[in-house]
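Here is how the chains run, residue by residue.
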Amino acid sequence: MSTRVDAVKRSRTRRSPRLVGYDYCRLGPYFVTVCTACRECVFGEVVDGVMRRSALGEVAHEEWGRTLDLRLGLVPDVFVVMPNHVHLLFGLIGDDPAPADAAPGNAAPTRRDTMHGVPTPTVGETPSVKGAPGERAGERRFGQHVVGSVSSIVGAYKAAVTRRARRGGLWHGGPLWQARFHDRIVRNDREADRVRRYVAENPERWAFDRLHP
């Protein structure tokens, strides 16, 4: 027990890998990896290159779908639940209300079905950094969830999975997830394609994955 507690504490105090000063509300694609606490394999197992999700893994899978349904400012792309982590590739397109002249009862095509067309930084472009005059000190510190940011989206997803898992009797221990997550700002379509291949091949290469226990 003490080993697990120590590992959770280390995950909370580890230096953040996020880009200092970057505006994580900025429109564009992001690749996020979220691990379970202590990287415990609670979401299932990989058998012959195929991910077999446990009941808890099914919850993790379904709740990301619910997240996409609830947040129209998200563009869905590839997603996979692995034994001890999940990979999410999605785009931020901001608030996306239905057009004012949309006919009642008709679903307005307000969210793209793929990542094509999601604005991305030009190759070599310096990422947008917050720090404009008048900005309050500490306004975007690490650990502070700004509405519509990558952190708020991932945090809400993690909370939804944990809440449903506890309610369904699938999780009775301490934290289900590591406190932090790893994110990558995807800069162009070529990089997005590499991410898609990596996610698709993750189950087949699980034995060699750096997150394999």
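Being a predicted model, the structure only gives us computed values, none of them experimental.

(A) A look at the side chain of T36. Along the polypeptide, T36 turns up in the loop between strand 1 (28-35) and strand 2 (44-47). Once you skip the residues sitting within four places of it in the chain, T36 turns out to touch V42, F43, N84, L176, W177 and Q178.

(B) Summary view of the environment of S151. Topologically, S151 is positioned in helix 3 (residues 150-167). Under the relative-accessibility criterion, S151 is labelled buried at 7%. Remark: the alpha-carbon pair of S151 and R180, spanning 29 residues in sequence, is separated by 9.4 Å.

(C) Seen up close, helix 3. Taking 1.5 Å per residue as the helical rise, helix 3 with its 18 residues ought to reach 26 Å, and the 26 Å between its terminal C-alpha atoms agrees with that figure. Three or more residues of helix 3 are buried, namely V150, S151, S152, I153, V154, Y157, K158, A160, V161, T162 and A165. For helix 3, the secondary structure elements touched by its buried residues are strand 1, helix 2 (55-70), strand 4 (74-81) and strand 5 (85-92). Once helix 3 ends, the next one or two residues include G169, with phi positive near 75°.

(D) How the structure looks around the packing of aromatic side chains. Tallying each qualifying case throughout the model produces seven aromatic pairs. When the centroid spacing of 5.8 Å and the interplanar angle of 50° are considered together, the rings of Y157 and W177 count as tilted. Note that Y157 is positioned in helix 3 and W177 in the loop between helix 3 and strand 6 (182-185), a separation of 20 residues in sequence. Assessed through its relative accessible area of 6%, W177 is described here as buried. Three or more aromatic residues link up through ring pairs in this structure, and these residues are Y30, F43, W64, F79, F90, Y157 and W177.

(E) Local environment of the confidence of the model for the chain. Chain-level pLDDT for the chain is 75 on average; 62% of the residues reach the 70-or-more range. pLDDT under 50 marks residues 1-24. Its contacts with residues more than four places away, or in other chains, come to 47 contacts. Here residues 119-145 is modelled with pLDDT under 50, and outside its nearest four sequence neighbours on either side it reaches 40 contacts, counting other chains as well.

(F) Summary view of helix 2. Across its 16 residues, helix 2 extends 23 Å between first and last C-alpha, which sits within 8% of the 22 Å expected from 1.5 Å per residue. Three or more residues of helix 2 are buried, namely L56, G57, V59, A60, E63, W64, T67 and L68. Looking at the buried positions of helix 2, the neighbouring elements they touch are strand 3 (50-53), strand 4, strand 5 and helix 3.

(G) Quick peek at the pattern of salt bridges. Counted according to the given criterion, the structure contains eight salt bridges. For R66, the salt bridge goes to E63, with nearest N and O atoms at 3.3 Å. One end of the pair is R66 and the other is E63, both in helix 2 and three residues apart, which spans about a single turn. The class for R66 is partly exposed, based on a relative accessible area of 46%. The closest approach of N and O atoms between E201 and R205, which form a salt bridge, is 3.2 Å. On the basis of relative accessibility, which here comes to 28%, the residue E201 falls in the partly exposed class. Members of the salt-bridge network, linked through shared partners, are E62, E63, R66 and R164.

Calculation notes
Residues numbered from 1 in each chain as written. Predicted model: local features only at pLDDT ≥ 70, side-chain atom pairs only at ≥ 80, totals over all residues. Heavy atoms only, no water. Helix = DSSP H or I, 4+ residues; strand = E, 2+ residues; numbered from the N terminus. Contact = heavy atoms within 4.5 Å. Buried < 20%, exposed > 50% of the residue type's maximum accessible area, 1.4 Å probe, protein only. Expected span 1.5 Å × (residues − 1). Phe/Tyr/Trp six-rings, centres within 6.5 Å; stacked < 30°, edge-to-face > 60°. pLDDT = per-residue confidence, 0-100. Salt bridge = Lys/Arg side-chain N within 4 Å of Asp/Glu carboxyl O.

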